[in-house]
Amino acid sequence: MKILFIIYSCKKYLRDAELLYSILENKINAKILITYGDNIEINYKIIDDKYLILNVNDNYEYLNEKSLALFNAIYLSYPDITGIFKCDDDIIPNIEYINNYINEILKKNVNYGGKCINVERRVSPEKGLLKEYLIKKKINEKFFKFAYKPICRFCPGPIYYLSLNALKFFQKNDIEKIRSEEHTSELQSRQYLVCRLLLEKK
């Protein structure tokens, strides 16, 4: 398969990921993998050609690190693919639409497929709905300072597409360079990280 469809999950909600896998299996033109974090002895491992297990913390606060580990693992393990869909484990998929989109991607040179939103003012987690959301998700308060949305562009949504060409920009050297800059805290948002790297590399 030229396309990977990654169901982005965690051990806590693995049952949801399994259900989505069963809905999509043999119905979309892509190889499906379920990914989650666990304490393993190597950076990642693939089990039963179905599970991509990443050596990262599986908690909500570490989704950014999980995304980076995922992109690195895919880039190293599947060098011949065209790209990946990253999909949350709680969606109701439109199978016809997914297949049509895959067919279009295979015809064109697409590096990113999904939403891109401009944030025109800084949104703080210290009050209002954002704080309530973080508390609901049981996020440790020490992470609140990372949770603001800066003035920027970012890539939100439960599903998006990245080409193999785009994935190469998420390798260690690029990430370490960005972390050494003033925007380190903003990288806590995986949506911001995806958009920033792609915009810089264009």
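This text follows the structure it describes.
Residues numbered from 1 in each chain as written. Predicted model: local features only at pLDDT ≥ 70, side-chain atom pairs only at ≥ 80, totals over all residues. Heavy atoms only, no water.

**Comments concerning the pairing of strand S5 (residues 83–88)**
Within S5, 6 of the 6 residues are buried, which leaves the element mostly enclosed by the surrounding structure. Alignment of strand S1 (residues 3–8) against S5, held across 6 bridges, turns out to be parallel. Across the sheet, residue Ile7 finds its bridge partner in S5, namely Cys87. As judged from the 5 bridges shared by S5 and strand S9 (residues 159–163), these two strands associate in the antiparallel manner. Bridge pairing links Ile84 to Leu162 in S9. (Buried < 20%, exposed > 50% of the residue type's maximum accessible area, 1.4 Å probe, protein only. Helix = DSSP H or I, 4+ residues; strand = E, 2+ residues; numbered from the N terminus. Pairing = 2+ DSSP bridges.)

**Topic: helix H2 (residues 63–77)**
Between the first and last C-alpha of H2 there are 21 Å, a value that for 15 residues agrees with the 21 Å anticipated at 1.5 Å per step. Along H2, the residues classified as buried are Leu63, Asn64, Lys66, Ser67, Leu68, Ala69, Leu70, Phe71, Ala73 and Ile74. (Expected span 1.5 Å × (residues − 1).)

**Focus on the pattern of salt bridges**
In the structure shown here, the tally under the stated rule is 7 salt bridges. Of the charged contacts in the structure, one is a salt bridge between Glu18 and Lys50, with a shortest N-O distance of 2.9 Å. You can see Glu18 sitting in helix H1 (residues 14–24) and its partner Lys50 sitting in the loop between strand S3 (44–47) and strand S4 (51–54), a full 32 residues away along the chain. For Glu18, a relative accessible area of 25% puts it in the partly exposed group. Here Lys50 falls in the buried class, since its relative accessible area comes to 18%. Each of the salt bridges in this network shares a partner with another, and the network as a whole consists of Glu104, Lys107 and Lys108. (Salt bridge = Lys/Arg side-chain N within 4 Å of Asp/Glu carboxyl O.)

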